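Survey of secondary and tertiary structure
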Amino acid sequence: MRMRATVAAVSGALALSALAVPAAHADADLDVPSAAERFGASSAKPALRAAVAEELPVVTKVTINSGKDVVVGTTNVKNFTVSVTARHSTGVQDAYVFLWHGSAPTEEGMDGALVPNEEVADCKASSATTSTCKLTFTAYPGYDLYKNALAGTWKVTVGALAGDGNFYWNDRHTTHRVQRSSKLTVNASPEPVKKGKTLTVTGKLSRANWETGKYAGYTGQSVKLQFRKKSSSTYTTVKTIKTNSKGELKTTVKASADGYYRYSFAGTSTTPAVNAAGDFVDVK
């Protein structure tokens, strides 16, 4: 697997390191320590063990990338923040998060992972019992996201460390989508055009290919052709067509009034929604 690995600290607080794996064509080993190892708690209880005699932290909120999908293109890295709000009677001193793709958070079960940039979360207490801890992430297209099959829903591991050393840990606390960035173009011609004459509207829907580092046509996708009059701020759908084998779009309409034509794509689980910038047509 091509990914950055996490390494556990052996101190009393959480300490994680993101290690860059330089090999471009060789699989990297991923040593996934236990929750106890990550939090450096030698006497800690097994992950997800129900609290019987001991109080565990309660995670009340996890926010990833301000609640938006993590959308990654072909060249620019994607930076985003994850915040964890948790409470415990002794306070919350640290938190941990990582996003993973696969069947299980193990070297054999994962084919992708996004780990924090920091060794320790930045925790701010809102009371004696409650804190919000933040971690930053950087996703590298072609490296962390080295194959297109990684686009879609990822699992999210979340942990919180209380002031007394007890911790919460869940490898499937929530899920979040990591998507391939999309682009959409439109061109209506001829311009200008006489009222009642035929307009040909072309365009192309493409998305990031993490394997080649380029954008490629998104085939077989339903896309709406929309129009808004010059005097209006609202687009209405004229018709829906599908992209061809190259992601291209082409259809015709009758020119009726001055206004803007655009294509609109609703998105899929792997690719975000996108609207083309409106192309103005002057109708004579």
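Anything mentioned here points back to the structure above.
Here goes a summary of the coordinates provided. On a predicted model such as this, the values are computed, not experimentally measured, just so you know.

Looking only at helices and strands, one finds one helix and 20 strands in the protein chain. Across the 284 residues of the protein chain, 45% fall into the buried class. Put simply, of all contacts in the protein chain between residues at least 6 apart along the chain, 66% involve residues at least 24 apart. Accessible surface computed for the protein chain: about 13,600 Å², of which carbon and sulfur atoms make up 49%.

If you look at the biggest cluster of nonpolar residues, it comprises 30 residues, and the most contacted ones within it are Val97, Leu99, Leu114, Phe137, Leu145, Val178 and Trp210. Taken together, the elements giving at least two residues each to this core come down to β3 (58-64), β4 (70-72), β5 (78-87), β6 (92-102), β9 (130-139), β10 (152-162) and β11 (167-180). With 22 residues, the next largest nonpolar core counts Leu184, Val186, Leu225 and Tyr263 among its residues.

Mapped onto the elements, glycine 220 comes out in the loop between β14 (214-217) and β15 (222-229). Since its relative accessible area comes to 42%, glycine 220 is described here as partly exposed. Distance in space between the C-alpha atoms of glycine 220 and glutamate 248 is 9.5 Å, their sequence separation being 28 residues. With near-sequence residues (within four places) excluded, glycine 220 lies in contact with Lys242, Thr243 and Asn244.

Another aspect to go through is the sheet that holds β5. The four strands are arranged β3-β5-β9-β8 in an open sheet whose pairing can be described as antiparallel. Two strands in the sheet have a free side with no partner beyond their single neighbour: β3 and β8 (122-125). Strand-to-strand twist of the sheet, defined as the mean angle between neighbouring strand axes without regard to direction, takes the value 20°. Where β8 meets β9, four bridges bridge the pair, whose relative direction is antiparallel. Its bridge partner being in β9, aspartate 122 is matched across the sheet by lysine 134.

Cut-offs and rules
- Residues take numbers from 1 onward in each chain, read along the sequence in its written order.
- A pLDDT threshold of at least 70 governs which residues receive local features in this predicted model, and a stricter bar of 80 or more applies before side-chain atom pairs are shown or counted, although totals over entire chains, interfaces and linings include all residues.
- Note that the side-chain values use all heavy atoms of the structure and ignore hydrogens as well as water.
- Under the DSSP-based scheme used, a helix requires at least four consecutive residues in state H or I and a strand at least two consecutive residues in state E, with every element numbered from the N terminus.
- Buried residues are those whose accessible area, probed at 1.4 Å on protein chains only, stays under 20% of the maximum for their type, while exposed residues exceed 50% and partly exposed ones sit between those limits.
- The contact criterion used throughout is that any non-hydrogen atoms of two residues lie within 4.5 Å.
- Computed with the Shrake-Rupley method and a 1.4 Å probe, the accessible areas treat only the protein chains shown as cover for residues.
- Among buried residues, the Ala, Val, Leu, Ile, Met, Phe, Trp, Tyr and Cys ones that are joined through side-chain atoms within 4.5 Å form a nonpolar core.
- When DSSP finds two or more bridges between two strands, those strands count as paired.
- The angle between two axes is taken between their N-to-C directions and runs from 0 to 180 degrees, where each axis is a line fitted to C-alpha atoms and a helix contributes only its stretch in contact.

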